[in-house]
Amino acid sequence: MAETVFARPQALADVTTHYCPGCTHGVIHRLVAEVIDELGVRERTVGIAPVGCSVLAYNYFATDFHEAAHGRAPAVATGVKRARPDLIVFSYQGDGDLASIGMAEIIHCANRGEKVTVVFVNNAIYGMTGGQMAPTTLPGQVATTCQLGRDVATAGHPIRVAELISTLRTPAFVARASVHNPLVAVHAKEMLRRAFRYQVEGVCFSLVEILSTCPTNWGIPPAESTSWLEKNMLPYYPVGIFKTPESGSREPRPLPA
Amino acid sequence: MTKKLMKGSEAIGEAAVQSGCKLFFGYPITPQNEIPEYMSMRLPQVGGTFVQAESEVAASNMIYGAAGSGERVMTSSSSPGISLMAEGISYLAGSELPVVIVNIVRAGPGLGGILPSQGDYFQATKGLGHGDFRVLVLAPWSVQEAADLVQDAFDLADYYRNPVMVLGDGLIGQMMEPVEFRSDRTPIKELPPKTWAATGCDGSRPTNIINSLFLDPEELERHNHKLKAKYDRMVADEIRVATYGAEGDFDVLIVAYGTVARVCSTAIDELREEGLRVALLRPITLFPFPYEAVREAAVQARAVLVVELSSGQMIEDVQLALARSRPVHFLNRMGGMLVSPDEVVAKAKAILDGRSAEVFHG
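What counts, and at which threshold
Residues numbered from 1 in each chain as written. Chains lettered and ligands numbered in written order. Predicted model: local features only at pLDDT ≥ 70, side-chain atom pairs only at ≥ 80, totals over all residues. Heavy atoms only, no water. Contact = heavy atoms within 4.5 Å. Buried area = accessible area lost by both parts, 1.4 Å probe. Salt bridge = Lys/Arg side-chain N within 4 Å of Asp/Glu carboxyl O. Polar contact = N/O pair within 3.5 Å; in protein donor to acceptor, adjacent residues only side chain to side chain. Helix = DSSP H or I, 4+ residues; strand = E, 2+ residues; numbered from the N terminus. Nonpolar A, V, L, I, M, F, W, Y, C, P; charged D, E, K, R; others polar. Core = buried A, V, L, I, M, F, W, Y, C linked by side-chain atoms within 4.5 Å. Buried < 20%, exposed > 50% of the residue type's maximum accessible area, 1.4 Å probe, protein only. Axes fitted to C-alpha atoms, helices over the stretch in contact; angles between N-to-C directions. Parallel < 35°, antiparallel > 145°, perpendicular 65-115°, else oblique. Left-handed = near helix turned anticlockwise from the far one by under 90°. Expected span 1.5 Å × (residues − 1). Arc of directions from axis to C-beta. Domains from an automatic or database assignment.

**Student:** Account for the interface of chain A and chain B, with residues named and values stated.
**Tutor:** Taken residue by residue, the interface counts 32 residues in chain A and 34 residues in chain B. A buried area of about 2500 Å², summed over both sides, lies between chain A and chain B, and 59% of it is on carbon and sulfur atoms. Here chain A is connected to chain B by three salt bridges. Here Arg112 of chain A and Glu54 of chain B are joined by a salt bridge, their closest N and O atoms 2.8 Å apart. Linking chain A to chain B there are twelve residue pairs in polar contact (both at pLDDT 80 or more). If you list the elements that add at least two residues to the side of chain A that touches chain B, you get β1 (45–49), α2 (57–60), β2 (64–67), α3 (73–83) and α5 (103–112) of chain A. Split by residue class, the side of chain A that touches chain B holds 14 nonpolar, eight polar and ten charged.

**Student:** Requested: an account of the nonpolar core, with residues and values cited.
**Tutor:** Counting 127 residues, the largest nonpolar core has Phe205 and Leu207 of chain A together with Met39, Met74 and Leu253 of chain B as its most contacted members. When residues in this core are grouped by element, the largest group, ten residues, is from helix α6 (residues 143–160) of chain B. Within the second largest apolar cluster, 37 residues are counted, among which are Tyr19, Val119, Ala175 and Ile210 of chain A.

**Student:** Can you tell me about the packing of helix α1 (residues 8–18) of chain B against α6 of chain B, naming the residues and giving the values?
**Tutor:** All names here are of chain B. For the pair α1 and α6, interaxial distance at closest approach is 8 Å and the crossing angle is 30°. As summarised for this structure, α1 and α6 are arranged roughly parallel, according to the angle between their axes. Judged by the twist between their axes, the crossing of α1 over α6 is right-handed. In this structure, α1 contributes Gly8, Ala11, Ile12, Ala15, Ala16 and Gln18 to the contact, and α6 contributes Val143, Ala146, Ala147, Val150, Gln151 and Phe154. When the residues that make up the contact of α1 with α6 are grouped by side-chain class, the tally is nine nonpolar, three polar and no charged.

**Student:** Go over α6 of chain B with me, naming the residues and quoting the values.
**Tutor:** Residues and elements named next belong to chain B. Relative to the 26 Å expected for 18 residues at 1.5 Å per residue, α6 spans 25 Å between its end C-alpha atoms, a close match to the ideal helical length. With respect to burial, α6 is a largely interior element, 16 of its 18 residues being buried. Count one or two residues on from α6 and you reach Arg161, which has phi positive near 50°.

**Student:** Describe the side chain of Gln32 of chain B, naming the residues involved and giving the relevant values.
**Tutor:** Residues and elements named next belong to chain B. Within the secondary structure, Gln32 sits in the loop between β2 (23–26) and α2 (34–42). You can call Gln32 buried: its relative accessible area is 0%. Here Ile29 takes part through its backbone oxygen, which lies 3.0 Å from a polar atom of the side chain of Gln32. Not counting residues within four places of it along the chain, the set of residues in contact with Gln32 comprises Tyr27, Ser76, Ser77, Ser78 and Ile104.

**Student:** Lay out α2 of chain B in plain terms, naming residues and giving numbers.
**Tutor:** Listed in full, the buried residues belonging to α2 of chain B are Ile35, Pro36, Tyr38, Met39 and Arg42 of chain B. Viewed along the axis of α2 of chain B, the buried residues span an arc of 160°, placing them on a single side of the element.

**Student:** Outline the domain arrangement of chain B, listing residues and values.
**Tutor:** Residues and elements named next belong to chain B. Segmentation of chain B into domains returns domain 1 (4–195 + 226–237) and domain 2 (242–352). Of the roughly 2500 Å² buried at the junction of domain 1 and domain 2 (both faces included), carbon and sulfur atoms supply 59%. Broken down residue by residue, the surface that domain 1 buries against domain 2 is led by Gln118, Tyr121 and Trp141, which jointly contribute 36%. Scanning the region where domain 1 abuts domain 2 turns up three salt bridges. Two residues, Glu177 and Arg262, come together in a salt bridge whose shortest N-O distance is 2.3 Å. There are 14 residue pairs in polar contact (both at pLDDT 80 or more) connecting domain 1 and domain 2. For the side of domain 1 that touches domain 2, the secondary-structure elements that each account for two or more residues are α5 (121–126), β6 (136–138), α6, β7 (164–169), α7 (170–174) and α8 (217–237). If one sorts the elements of the side of domain 1 that touches domain 2 by residue count, α5 sits on top with four residues.

What follows is the structure, encoded as structure tokens:
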């Protein structure tokens, strides 16, 4: 008798997504759905969709969902989790949503230690609005609102969200991963699994930043986008774990005597 | 139940708790801080949750999440804070979520001042956020009525799946008056279970999605029609109005709401003692506005006087109701200054003596 060894996760809806060729949102959706299935929490999971390319995430996950205003997903997640602490609540947000307009919401959600999981997808550009500069756009990277490349003299340097959040004392788990090849995607799934597991166990706030591709707005062929990410994004956005429940706070080191 | 002397802000908070409100999200702003302070102390006693949000923007999105989970939830703020909540309120209305929002109005525009005002009438009744929506607006004139309207607001919000605003001012918030909470109170509406809430999907139903995004214009237009039909039902069923001194004949009809109406009632007592026939019509619902009641009351009078703590906002609705069938006069203070009974008496006498000029706003 044939055994099914590979199937669509139950938490992933059986629909076609609107994502562009070469975009890795679909991979990240699948990893999140697999983790939800493996933890057996689909029936009590509520997702929060952002504004941006993943605005329609509520159509792609087979769980209950809230569509949030731009940047406010962590506030909506707070409302859901405080109302129903028994639910597993995750937000799925892009870099314009989380790191620009929603910076106050993510910082304070993390700092209150809301027992939610944030999936932060960083592709270094605004996708849905058509390729404008994001807070995560790399120095010199061309975008429609910095057509000569990001000038750090006027736009500042890109924000490293995982590092930023990990300076807070409260959050439990902060990591950065990538999905530009199958090997790192396995690591990304492990980071997501840990983030969701901490929530299931009642440990506080977790965030996984995942580097993602956007060939459409990077202006390169889909086939080149993963190597572009590896070459340009990885050096600035190192993958790894920045904070765990065990690692405690990053206290300032005293000056040597 | 016996009456208890309570500050308006505390009575508003307690009324919410009595209504089964389990969650409060808010941000400090004068003059309404006593409401979140009360809730921060009181909600944990009943198994509820208080969260001090990082901003009013965040608070309005937290109530969105909590309301979408099917729980009774409230926030309160004052004018500049309500402006920041406009984003969340629009999404709440678009997603048809029930919440109660208390606005203890302060004088504006901008940072303005912290004293009582009615300058947010337009915002509350016509434009509480972007897009095409309305919220029920209830305006109490006493602490007891504030408590009663908060309780009704929760029922109305659930019934219509719509935000409901209780619009007060610093007087309502700070005043101490006896309040009674009836232990035998029952909901004013028959409330169906919240089967639409996003509470996790066990496969027994399609997924519930709390959403206001409709990219297909035909679908959005259908949604707009559905919302409009709901607002029409509010107009048909929810208008509330009170009168004072309108039992007999009267020559001047005063139209005023909230604490200003209370000042006018004192003035009417004085005018009546002098044999001058003046009556008050007080809209309790500002949306829906009691156009018909204003029209019916005004035909009995020779002139109408609108009294407001604004440069003239509700007066436009009164003019709309009357369609120039009666002369409309206007008395107002702004900036946090209050109208005194003496000013109302003097204005009413001026109208009766032909010394007051008719005005037209708009």
